[in-house]
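Notes for the structure review
Here is what each chain is made of, one letter per residue.
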Amino acid sequence: MSAPDGSYVSRGLRPGGPYTVLAEASGYHAVEVKDVHLAVESGASVNVAMRPSDIVYLEKFSVVADATDPLFDPAATDKGTYLSSRDIENTITGDRSINSLAASDPRIIYNRDPAAKSISVNGLNNRYNSIMVDGVSASDPFGLNANNTAAERNPIPVEAIEAVAISASPYDVRKGNAIGAFLNSITKSGGNEFHGSLYYAYRDADFVGERLDGRKYPVSAFKEQTFGASLGGPIIPKRLFFFASYEKVDEDRDAPRPGAWADAAVIAQIKAAAEHLGFNPGDVGAPGGNKYEDTNLFLKADWQINDDHRLSASYRGSDSTRPKFPGFSTGSGINNFSFSNSWYDQTLKNDSFSAQLVSRWTDRWNTEIAVSRSKYSSKPDIGVPQPYLQIQRISVPGSANTAYATIGTDYSYHVNALEVESTTAELYSTYALGAGHTLHAGLQYETSDVYNIYMQHAYGSYEFATLGEFLAIADPVTGVNNGTLDYYRYRYAAPIPGVNPAAEFTEGKLGVFVRDVWRLHPRFQVDMGLRLDTAIIGDDVPFNQSFYNTFGVRNDATYDGKTIVQPRVGFNWQPKINDGILRTIVRGGAGLFYGGMPRVWLSNSYANTGMNYVSYSAGTSITGDDPAPAVSGDLGNQSTPASLPPKQLVSFMSPAFRLPSMWKANLAIERELGLWGMKATFELEKSWVKDDVHFRNINLRQTATASDGRALYAGTYAGGTPGGGTAVRSTAFDNRIVEITNTGKGHSDTFIFMLERPRKKDGWSWTLSYAYTDRKEVTQGNASTPGSLWSNRTVFNANDEELHRGDLEIRHSIKARVTKEFNLLPAVGRTTVTLRYEGRSGLPFSIVGRNDINLDGYTQNDLLYIPHRDGDPLAVFASAADKEIFYRIVDRYGLREGSAVSANSCTYPWVNLVDLALSQEVKLPGWRHKLKVGVDILNLGNLLNDKWGVIHGSSQFFTKKQAAANVVYNKDTGQYTYSAANAELAAGKFAPELSNYIGEPAATRWSILFSVRYEF
């Protein structure tokens, strides 16, 4: 029933379609609008013009139209990206990743690294994004997965997705728990007719590039196959429907092997010596198999209970197993290897159930009730656990490189398991106050039970600097293993009887919101809302009195009970310019957003209380006089000598910690051009930090200040030269006592220009966009453990809040996509060609010293002081050649002399990426049966020329940096000495990570994916 002004609203309908709108009124001919498709979040605006009945028509007036306007949304305040099923079908997804679907948005950069497959919006950390399926979170529930989803590949098959909505600043206060991008995938549903598909995709090493910028990085032989099927239809026609989708990915790869093997007699000698110590090394040699398996299942049922109530229920499950071979290093000339007892399988499993009841109680009042339950687990299957043993610098015949041999369980997986069980519930209601005026309100509750145990060195770890050092202790005949012979390093995390070493806690939140959407004028709508989130943490962090006595701060603080109020407002104005012949929309808004901080950061407070376990370390690499103890391959017989005082490792949250939040605002103009059906968009976006996270190491003790103002932490200064390890406030604690606190610094400015042309009858569609982003931040947060969160930055002073260019900022980005659908062979079927281009600035990087300049315990993270070339009292060069090379670096990268460089002040080279997709439909006998054959080519430019399409700095979990020289400060002279200047960097060459599967070679390599799909 329409309102007196003729407006009407129908809520609670499933996204997608097709729907039919029938309008009837006394004195008018009925009008039927067919093939109406509803967008994921904005639905559809269907305007119906009815004709008086005094005009005679022989039958009902019928219109066929897609009511989802692909260009203009009269309700949008922020403009994201919407992908229909047709758009998804034509999107180039050579890695079949859900995140890659978002790559078309001008704000978003997609990391092609196979180990990442992540998205960043306006330079934000990808873990601040919200990944949803049917409005239910599918994000990583803990924060360890590079792609920020609850699966290694995809939380659901791409085949199951009906539509995707991507938004950077949704002013709808129903959306919470993220300050980055919101990516919501709406799944397909069954209908009154049966539809299904079978598909297969294939790629192997012959269709992946090996050369990168003139160098060859061989690809180990592999075969990647994807098998999938889907089926949807009626259980009870017009009432009960189902949809199912299944996908399995098999990757068969050659197992890693060293570039050259150490002598067989030496390997046999190592094995015998290890067995003498009580180890069971297993076999040596290249692993026999390396098969990664991933399965994905999605099931959904929709019950149209009656005209006013609809119930949906779904299950999604993913299960993956990936073999791991620690100790092998891939890449040319790398000779490291491990024995078979070091190998293991990493497993990941996620199961999620959800249900939603949508009800219409009156013509004005609608409600939605949704609940979900999920269980996520990730753990290694390590077989028989053993202590970790490594022997370094083993000579390899015929190779200039030595080898490292590894035996036993990888020390990071001695005790390592993660389980997260989550429950969510939502009550949502809308009430129409009048024509064009709707009140929205809701309550959202989420709780997660987290169990994470991560104890490095829990079985004991032994490292030897040379083969001789190892055999002096381990040789079955001549070895002396009684604790009198020292070696490189011993580490052991000893359990404390009766103490649970795991991080085990409950974390959740309660959100309430109210929203008023009011169309004040047929051409002007406002969207006002207020959201309040309260954090709930059900378990206390154990209090450490010794820590409090030493540092004067409690370690048991959390953000339990803290609340944040988030006001948001947006508007959409459709001015009538030139009689409205060409449509125009002015939209914008501002608001506060909270959420997205990964739980792993909170878990560090529970896992590192200083009382979970006791840590021992000794050896020649450890400052002190105590030798490392005797070596034992027995898990229950690791040394805890009184002469090695244990150290407590504590990570804690500041008692004054505030929930991370960010203000965002945008203003945009959209204008129909009247040329080829195109629209132009000009948009300004701004964000500024209210509260972000910052990490400090409170156990550092500053012992000097360099002449350029840099804080130094050396234990001694013999002859003015720093040494003696890192000075700490208390030797009873680890030198990394990391506090998570806040910073109020950080902002970004983004400008976007975009041209769009949706698909027309001629089969052409295209988009062209340019985005400029200027992002400043203090911390990217691109790690998970406390020490890495603090140290994985490039800094001048280790604990300062140093505002700098964002780690993932892309200053300039140009994207273009052209799709043409045509009937090359009308009797055969439709042909589709899609060409995509992305040209963008390189990622930022920092110029650092190769060594640990400030002696804080970490190398290659200290920003360089750049001396004046005509003479500087703060610097000397080891040689004239070093000086000449150094200033070639200064000139090439435009470094300012007389001051320290700022973080990320340099930029990797411009990136040009071209992708091509070809598909051909083949009509088959029978109703709506067809075959579709496709080819996706990623990085076509790199296929044509190995110097094209090169990506530098792609690994998101490592700070982008280039070492210019070794730099040592002398306290007595007040000078830095520069030596071993980097000639490669001076020549503009960057050494990528030498890995087949991650980092720059993997992200750059061209690849071809073949696919075939049967539909009915």
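Computed from a prediction, not measured in an experiment: that's the story for all the values here.

Another aspect to go through is the overall build of the protein chain. Counting its regular elements, the protein chain contains ten helices and 54 strands. Its C-alpha radius of gyration of 31 Å places the protein chain within 12% of the 31 Å reference for a compact globule of 1016 residues. Overall, the protein chain is about 110 × 60 × 55 Å in size when its C-alpha atoms are taken along their principal axes. Taking all 1016 residues of the protein chain together, 55% fall into the buried category. When contacts within the protein chain are restricted to residue pairs at least 6 apart in sequence, those whose partners lie at least 24 apart make up 75%. Summed over its atoms, the accessible surface of the protein chain is roughly 41,100 Å², and 56% of this surface lies on carbon and sulfur atoms. Averaging the coordinates of the 99 positive side-chain charges in the protein chain and doing the same for the 109 negative ones gives two points 5 Å apart.

Now for the environment of Trp663. Here Trp663 shows up in strand E33 (residues 661–672). Residue class for Trp663 comes out partly exposed when judged on its relative accessible area of 27%. Excluding residues within four positions of it along the chain, Trp663 makes contact with Pro567, Gly591, Leu592, Lys686, Ser687, Trp688 and Lys690.

Here the focus is the pairing of E33. Looking at chain direction, strand E30 (residues 584–594) and E33 are connected through eleven bridges and run antiparallel. Bridge pairing links Tyr594 to Ser661 in E33. Relative to strand E34 (residues 679–697), E33 runs antiparallel, the two sharing twelve bridges. Among the inter-strand pairings, Ser661 is bridged to a residue of E34, identified as Asp691.

Another aspect to go through is the sheet that holds strand E26 (residues 489–495). Taken in spatial order, the six strands make up an open sheet running E18-E22-E21-E25-E26-E31, and their pairing is mixed. Sheet topology places strand E18 (337–338) and strand E31 (613–618) at the edges, where each strand pairs with a single neighbour. Against the sheet, helix H2 (residues 264–276) makes contact with E18, strand E21 (388–394) and strand E22 (403–407), and its axis sits at roughly 150° relative to E21, the strand it touches most.

This next bit is on the nonpolar core. Membership of the largest hydrophobic core comes to 67 residues, with the highest contact counts inside it found for Tyr559 and Trp601. Ignoring sequence-local partners within four residues, the contact set of Tyr559 consists of Glu507, Ala535, Ile537, Met597, Leu602, Met653, Phe657 and Leu659. Ile810, Val890, Leu895 and Val901 belong to the second-largest nonpolar core, a separate cluster that totals 43 residues.

Our next topic: the side chain of Thr681. Along the polypeptide, Thr681 turns up in strand E34. With a relative accessible area of 4%, Thr681 lands in the buried category. Non-local contacts of Thr681, meaning those with residues more than four positions away in its chain, are made with Arg587, Ile669, Glu670, Ile752, Phe753, Met754 and Glu756.

We now examine the UniProt feature "domain: TonB-dependent receptor plug" (unreviewed entry) in the protein chain. In this structure's numbering, the residues bearing the UniProt feature "domain: TonB-dependent receptor plug" (unreviewed entry) are residues 83–180. As annotated, residues 83–180 comprises 6% helix and 20% strand, and the C-alpha atoms at either end are separated by 19 Å.

Attention now goes to helix H5 (residues 599–607). Burial runs high along H5: nine of the nine residues are buried. What H5 keeps buried is the set Arg599, Val600, Trp601, Leu602, Ser603, Asn604, Ser605, Tyr606 and Ala607.

What the rule picks out here adds up to 65 salt bridges. Across the pair Arg658 and Asp691 runs a salt bridge, and its minimum N-O distance is 2.6 Å. Placement of the pair is Arg658 in the loop between strand E32 (651–653) and E33 and Asp691 in strand E34, with a sequence separation of 33 residues. Between Asp734 and Arg736 there is a salt bridge, with its nearest N and O atoms 3.2 Å apart. According to the relative accessible area criterion, Asp734 is buried, its value standing at 16%.

Our focus in this paragraph is the sheet that holds strand E45 (residues 844–849). If you trace the five strands from one edge of the open sheet to the other, you get E47-E53-E52-E45-E49, paired in mixed fashion. Only two strands of the sheet have a single partner each, and these edge strands are strand E47 (875–877) and strand E49 (906–907). Its contacts with the sheet place helix H7 (residues 880–893) against E45, E47, E49, strand E52 (961–970) and strand E53 (975–979), and it is angled at close to 120° to E47.

Now for unusual backbone geometry. Notably, Asp134 is not glycine yet its phi reads approximately 55°, a positive angle. Looking at where Asp134 falls in the secondary structure, it is placed in the loop between strand E7 (130–133) and strand E8 (136–137). Positive phi, close to 60°, is recorded for Leu855, a residue that is not glycine. Mapped onto the secondary structure, Leu855 falls in the loop between E45 and strand E46 (865–866). By relative accessible area, Leu855 is classed as buried at 17%.

On to the packing of aromatic side chains, then. Taken as a whole and assessed by the stated rule, the structure comprises 44 aromatic pairs. With centroids separated by 6.4 Å and ring planes inclined at 55°, the aromatic side chains of Phe243 and Phe298 adopt a geometry described as tilted. Pair noted here: Phe243 is in strand E15 (residues 240–253) and Phe298 is in strand E16 (residues 291–306), with a separation of 55 residues, a long-range link. A relative accessible area of 6% means that Phe243 is categorised as buried. Residue classification places Phe298 among the buried residues on the basis of a relative accessible area of 1%. For the ring pair Phe886 and Tyr887, a centre distance of 5.4 Å and an interplane angle of 85° mean the geometry is edge-to-face.

Quick look at the pairing of strand E41 (residues 764–777) now. Sheet topology note: the strand E40 (residues 747–757)/E41 ladder contains eleven bridges and is antiparallel. Across the sheet, the residue bridging to Asp749 is Asp774, located in E41. Pairing geometry for E41 and strand E43 (residues 812–825), over nine bridges, is antiparallel. Looking at the pairing, Ala771 lines up with Ser813 of E43. Here two bridges tie E41 to strand E42 (residues 804–805), and the two strands are oriented antiparallel to one another. From the neighbouring strand, Lys776 faces E42, where its bridge partner is Arg805.

A word on the environment of Gly596. Tracing the backbone through its elements, the reader meets Gly596 in the loop between E30 and H5. Overall, the relative accessible area of 15% leaves Gly596 in the buried class. For the pair Gly596 and Asn555, spaced 41 residues apart in sequence, the C-alpha separation works out to 23 Å. Among all residues touching Gly596, those that are not within four sequence positions of it are Arg127, Tyr128, Asn177 and Ala178.

Turning to the packing of H2 against helix H3 (residues 467–474), a few remarks are in order. Axis separation between H2 and H3 bottoms out at 10 Å; the angle between their running directions is 40°. Here H2 is positioned oblique relative to H3, judged by the angle of their axes. Crossing of H2 over H3 shows left-handed handedness. From H2, Val266, Gln269, Ile270, Ala273, Ala274 and His276 reach across to H3, where they touch Leu467, Phe470, Leu471 and Ala474. Classifying every residue of the contact of H2 with H3 gives eight nonpolar, two polar and no charged.

Cut-offs used in this document
Residues numbered from 1 in each chain as written. Predicted model: local features only at pLDDT ≥ 70, side-chain atom pairs only at ≥ 80, totals over all residues. Heavy atoms only, no water. Helix = DSSP H or I, 4+ residues; strand = E, 2+ residues; numbered from the N terminus. Rg over C-alpha atoms; globule rule 2.2 N^0.38 Å. Buried < 20%, exposed > 50% of the residue type's maximum accessible area, 1.4 Å probe, protein only. Contact = heavy atoms within 4.5 Å. Areas by Shrake-Rupley, 256 points an atom, 1.4 Å probe, with all protein chains shown as cover. Lys, Arg positive; Asp, Glu negative; His and termini not counted. Charge placed at Lys NZ, Arg CZ, Asp CG, Glu CD. Pairing = 2+ DSSP bridges. Axes fitted to C-alpha atoms, helices over the stretch in contact; angles between N-to-C directions. Core = buried A, V, L, I, M, F, W, Y, C linked by side-chain atoms within 4.5 Å. UniProt positions renumbered as here; feature names shortened; annotations may be inferred. Salt bridge = Lys/Arg side-chain N within 4 Å of Asp/Glu carboxyl O. Phe/Tyr/Trp six-rings, centres within 6.5 Å; stacked < 30°, edge-to-face > 60°. Parallel < 35°, antiparallel > 145°, perpendicular 65-115°, else oblique. Left-handed = near helix turned anticlockwise from the far one by under 90°. Nonpolar A, V, L, I, M, F, W, Y, C, P; charged D, E, K, R; others polar.

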